[in-house]
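Each chain, letter by letter, is given below.
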Amino acid sequence: MFGFTTLLFISMLYLSDFDRSMEALRQAHHHLLAAGFMLANAPVLIYAKVWKNMLYISDVSLSYRTSLKVVLANTFVNNLTPFGNIGGEAAATLYISKLTDRKKSQIFSAVFSASIINFTPLIVLGLTGGVLLGYISLEQILAGLTIIALVYLALVYGSKIGFSDPLPVRVEKFLSETASELSKLKGRKKEVGFLLLLTHVAALSSIASVHAIGFSLGYSLSIPLLVVAVPLARIGNYAPTPGGSIAYEATLTGILTYLFPVPLQSAVLITAIYRAITYYTGIAAGYIGVSMLEFEGENLFNGDPGET
């Protein structure tokens, strides 16, 4: 499946006038491409900090280096499983639970919280940009929040007010333990607020990366419009392909051609470069992270305390 989507990705680039794309790439300002690479991957360092701190709040102590390896491994799994950004959290929960001998619900609450914190800026920036540009109304946002609140209340309080419990006992127990762990965040509001600030910086870094890539090819992409474009493109990340492949590229390409005066061929090239320095770099770096975690785990379970 991964090979097939990669082939489709290369085909998309080829069909968009491959020779012109390669010529544009050769003439690009490569120092700006290097800047785009660093800006696109800097968020991983921030996400590792968020994971480390959220695990610590749940009384799970990991070093920053181990946290970074887990985040890289999480990225690796997400990029290879369908519906990107879902499978990695489950894998990370299982691994950390085994590594630290803690309950899965305790680990999951921290991992889930960290994922929400890391994803929040994309939602905030995307909705803010959508409202300012008139694509989204405040009424639509309120309606969405109301639906989410009603679903939450139904799951938590449904059985207490006479409705049949829609969840199996084992799942309900797991969610109850998870909610108990999440309640620890109430006393750490300042720390959570600081982590949210860091993740907003990470989101802006990703947006700036697309701007740098476009600028290297001679296109000055408006950053306020990119604040809308980049978060919206993440919707394609949840397609049933490895890491949202093809769907993400098609979504970002379409948004770039719609919001900016950029021809299709250039939009495809910008998307291809951004995807190469994030998705495929994430797979390579993530594989290294997985390998290091496996080695670390073997040392730990053989009696060597190792780094953690």
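To be clear, the structure that these remarks concern was listed above.
Before going into details, it helps to say that this report is about the structure given with it. (Residues numbered from 1 in each chain as written. Predicted model: local features only at pLDDT ≥ 70, side-chain atom pairs only at ≥ 80, totals over all residues. Heavy atoms only, no water.)

1. A few points about the overall build of the protein
Tallying secondary structure elements over the protein gives 12 helices and 0 strands in all. Along its sequence from the N terminus, the protein presents helices and strands in the succession α-α-α-α-α-α-α-α-α-α-α-α. Counting across all 308 residues of the protein, residues that qualify as buried make up 42%. Considering only contacts in the protein between residues 6 or more positions apart, those separated by 24 or more positions represent 73%. Surface accessibility of the protein: about 16000 Å² in total, with carbon and sulfur atoms responsible for 70%. (Helix = DSSP H or I, 4+ residues; strand = E, 2+ residues; numbered from the N terminus. Buried < 20%, exposed > 50% of the residue type's maximum accessible area, 1.4 Å probe, protein only. Contact = heavy atoms within 4.5 Å. Areas by Shrake-Rupley, 256 points an atom, 1.4 Å probe, with all protein chains shown as cover.)

2. Topic: the packing of aromatic side chains
This structure, assessed with the given rule, holds 3 aromatic pairs. Look at F76 and Y287: their rings are 6.1 Å apart centre to centre, the planes differ by 55°, and that puts the pair in the tilted class. Pair noted here: F76 is in helix 4 (residues 64-80) and Y287 is in helix 12 (residues 264-301), with a separation of 211 residues, a long-range link. On the basis of relative accessible area, F76 is assigned to the buried category, the value being 16%. Judged by relative accessible area, which is 51%, Y287 ranks as exposed. Look at Y279 and Y280: their rings are 4.8 Å apart centre to centre, the planes differ by 80°, and that puts the pair in the edge-to-face class. Judged by relative accessible area, which is 2%, Y279 ranks as buried. (Phe/Tyr/Trp six-rings, centres within 6.5 Å; stacked < 30°, edge-to-face > 60°.)

3. Focus: unusual backbone geometry
Excluding glycine, residues mostly have negative phi values, and the peptide bonds linking residues are mostly trans. Phi angles above zero are rare outside glycine, and D59 is one such case at about 65°. Of note, D59 is situated in the loop between helix 3 (30-57) and helix 4. Using a relative accessible area of 46% as the deciding quantity, one classes D59 as partly exposed. Even without a glycine there, the phi angle at D101 is positive, about 60°. The topology assignment puts D101 in the loop between helix 5 (87-100) and helix 6 (104-132).

4. Notes on the environment of S222
As for its placement among the helices and strands, S222 is situated in the loop between helix 9 (189-216) and helix 10 (223-233). The class of S222 is partly exposed, set by a relative accessible area of 29%. Separated by 38 residues in sequence, S222 and F260 have C-alpha atoms that sit 8.0 Å apart.

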